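Descriptive analysis of the structure
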Amino acid sequence: MQLSECRVVLTGASGGIGQALVEQLCDGGATVLAVGRRMAELQPLSERFGERLRLVNADLTSSAGRQMVVEATRRLEGVNVLLNAAGINRFALFEALDETQIEAMMAVNVTATLQLTRQLLPLLRSQPEALVANLGSTYGSIGYPGYATYCASKFALRGFTEALRREYADTRVRVLYIAPRATRTGMNDSAAMALNAALKSQCG
Ligand SMILES: NC(=O)c1ccc[n+]([C@@H]2O[C@H](COP(=O)([O-])OP(=O)(O)OC[C@H]3O[C@@H](n4cnc5c(N)ncnc54)[C@H](OP(=O)(O)O)[C@@H]3O)[C@@H](O)[C@H]2O)c1
């Protein structure tokens, strides 16, 4: 699939990795439906790319928010890529997390991603070629102290991706799991960055 033929729904578009993806995709000629809540973060890119970048302000943990994304996807027509990059993290020992923080991580990283993917698959399947790519993490393969819930969510996303890839193996929909290493974005607070530095993790 050429970038110029890609019509992409990108969640997490307002985040550090998301904004870089918007830039690369739009520069390569793709049309992007960028989903997030902090629209101000996307304003400069919106001015730069005009019609090629459409914004949807939606909370993916609510079914109303996801429905807004589905409707915007239908309006765009011909969407052939879903990039699930929305995610949250909290670096803390497991017992230090409260009920709400655990629920929120699982809701954004797992439930919302699965629900949105299920809703968009019929539109993707109607295209000659399509791709679902889920942004996981190296923490989706390594259980790491300080990241127990985040690891649980990314292990779940990796399992989901593997099963879905096999389920759609005989269709025109490809399913990928992408696992970036530590990346310097708003997701990593100063404690997480200090841990990365102490471990000599190269941070992109
Ligand atoms: N940074 C890293 O070291 C790293 C490493 C490996 C994998 N990852 C993964 O890469 C992806 C992007 O991470 P990032 O570093 O770019 O993080 P980030 O800068 O914190 O961005 C997170 C994105 O998720 C969106 N989001 C969170 N909750 C949402 C909700 N309820 N509804 C809609 N959107 C929501 C945010 O949108 P709003 O804030 O606008 O709501 C934002 O666009 C995540 O899946 C993350 O787990 C990151």
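Throughout what follows, the structure given in this document is the object of discussion. (Residues numbered from 1 in each chain as written. Predicted model: local features only at pLDDT ≥ 70, side-chain atom pairs only at ≥ 80, totals over all residues. Heavy atoms only, no water.)

We now examine the site of the ligand. Taken together, 30 residues surround the ligand, and among them S14, R37, R38, Y150 and T185 come closest. Within the side chain of D59, an N or O atom sits 2.8 Å from a nitrogen atom of the ligand. One nitrogen or oxygen atom from the side chain of Y150 is found 2.6 Å from an oxygen atom belonging to the ligand. Contact with the protein chains covers 93% of the free accessible surface of the ligand, which is 890 Å². The pocket occupied by the ligand, as judged from atoms lying within 2 Å of grid points, is the largest pocket. When residues of the shell around the ligand are traced back to their parent elements, those giving at least two are α1 (16-27) and α5 (148-167). Looking at side-chain class alone, the shell around the ligand contains 13 nonpolar, 12 polar and 5 charged residues. (Near = heavy atom within 4 Å. Polar contact = N/O pair within 3.5 Å; in protein donor to acceptor, adjacent residues only side chain to side chain. Areas by Shrake-Rupley, 256 points an atom, 1.4 Å probe, with all protein chains shown as cover. 1 Å grid on protein atoms, 1.4 Å probe; cavity = no way out; pocket = protein on both sides within 12 Å on 5 of 7 lines; lining within 4 Å. Sits in = over half its atoms within 2 Å of the grid points. Helix = DSSP H or I, 4+ residues; strand = E, 2+ residues; numbered from the N terminus. Nonpolar A, V, L, I, M, F, W, Y, C, P; charged D, E, K, R; others polar.)

On to the layout of surface pockets. By volume, the largest pocket amounts to about 1,100 Å³. Around the largest pocket sit 41 residues that line it, and G87, I88, Y150, T185 and M187 are the ones nearest its centre. Contributing elements (two or more residues each) for the lining of the largest pocket: α1, β2 (31-36) and α5. Per element, the largest residue contribution to the lining of the largest pocket is 3 residues, and it comes from α1. Residues that form the lining of the largest pocket fall into these classes: 18 nonpolar, 18 polar and 5 charged. L3, L21, L25, L83 and L131 are, among the 15 residues lining the second largest pocket, the residues nearest its centre. Only α1, β4 (81-84) and β5 (130-135) provide two or more residues apiece to the lining of the second largest pocket. In terms of residue count, α1 provides more of the lining of the second largest pocket than any other element does, 4 residues in total. Here the lining of the second largest pocket is built from residues that sort into 13 nonpolar, 2 polar and no charged. (Points joined across faces, edges and corners; volume = space filled by probe spheres on them.)

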